[in-house]
Amino acid sequence: MGRLGSFAAAAAELGMSQPAVSKQMKALEASLKTALFLRGTNRSELTREGALLHQSVSEAFELLEGRLSRLRGHRDHLRVAVQPSVAESWFVPHLSEMRREVAPTDVQLSIFDHERELADLDHDVSVRFAEGAPPGMCSEQLVTEAVVPVASPDLAGRLGLTPNSPADALLTAPLLHVDQTGRSWQDWASWFAGNGLTYASPPGTVIYPTYGSAVPLAISGNGVLLSWRTLMGDHLRRGLLLEVGPLVTTPGRGYLLQWPPALTRDPGLQRFRGWLRGTISGHESDGPRR
């Protein structure tokens, strides 16, 4: 009725009589103790409450139809939503190993950049930066938020920066800034605050749209980047970047693996969790700080 605009049209589509449809709608309104329709002579319109209910029911049916469509062509797969930097560091270098360890489940990666994109992404589980799981979800913290400034060896040498440099040595250094819109991890102001210092980006600061777009600039010596050690481990081990200041950690915040309770005992998810924990543990144990 909400989609077609009249009880007569709804009755025709359902193969029912108009009085029968009208009676069912009146029974629904009585059970909810809320008017859902403004009834006219030839046409009925949804009330505000009716429109909201219609939207919620439509979204629920779309979700159900999507799930049923996947079941009709069922394969043992797990759709994992990840951010680009996580995919590049934890997944892409280990795809063959992941496929072997998680088999026969097929892992499919879906990429999202901003948090607001996650709700519209078709996925089973997600790896995301957060502080605790949202209501109704299960979670496992993979790594605690721990960030450190990094720079190319050439830039570090020119600025006289080392892993033991104090935070205030970076106040006048060229810093690379990443857009924080829809992202809640540490920025330069919060990193300096974690070291007891106040910092405000100067006028005209260039803001790079993604973390991935700033990494090549750091490697080429264009500035100092605030980095997750577990995400930049490969660049650090290869000497493309060096740590050039204190590590700042925030307990309770970090990257989480999140999944709906219905998947908790799924064998594919359990194999994936085991593989992911082992992969991240390898990144952490190879700490490059010297």
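Everything quoted here is computed from the prediction, not taken from an experiment.

What counts and what doesn't
Residues numbered from 1 in each chain as written. Predicted model: local features only at pLDDT ≥ 70, side-chain atom pairs only at ≥ 80, totals over all residues. Heavy atoms only, no water. Helix = DSSP H or I, 4+ residues; strand = E, 2+ residues; numbered from the N terminus. Pairing = 2+ DSSP bridges. pLDDT = per-residue confidence, 0-100. Salt bridge = Lys/Arg side-chain N within 4 Å of Asp/Glu carboxyl O. Buried < 20%, exposed > 50% of the residue type's maximum accessible area, 1.4 Å probe, protein only.

## Quick word on unusual backbone geometry
Cis geometry is adopted by the peptide bond preceding P104, which originates at A103 and carries an omega value of 10 degrees. As for its position among the elements, P104 is in the loop between α5 (95-102) and β4 (106-111).

## Re the pairing of strand β11 (residues 248-259)
Note: strand β5 (residues 125-130) against β11, five bridges, orientation antiparallel. Residue F129 lies in a different strand from β11, and its bridge partner there is Y255. Pairing geometry for strand β6 (residues 138-151) and β11, over nine bridges, is antiparallel. Bridging across to β11, V143 finds its partner in Y255.

## Observations regarding the confidence of the model for the protein chain
Here the protein chain averages 85 in pLDDT, and 88% of its residues register 70 or above. At the level of individual helices and strands, the protein chain shows its lowest average pLDDT in helix α3 (residues 48-72), which scores 68, and its highest in helix α6 (residues 153-159), which scores 97.

## Describing the pattern of salt bridges
Using the criterion set out here, one finds nine salt bridges in the structure. Salt-bridge contacts for R229 lead to E243; the nearest nitrogen and oxygen are separated by 3.0 Å. You can see R229 sitting in helix α9 (residues 229-237) and its partner E243 sitting in strand β10 (residues 242-243), a full 14 residues away along the chain. An identical accessibility class is assigned to R229 and E243; each is buried. Two residues, R238 and D234, come together in a salt bridge whose shortest N-O distance is 3.1 Å.

## Quick look at the pairing of β5
With six of six residues buried, β5 is to be regarded as a mostly interior element. Alternating residues of β5 divide into V125, V127 and F129 and S126, R128 and A130, and every residue in both groups is buried. Summarising the sheet, strand β3 (residues 77-82) and β5 pair through three bridges and their orientation is parallel. Looking at β5, one finds that A81 is bridged to S126.

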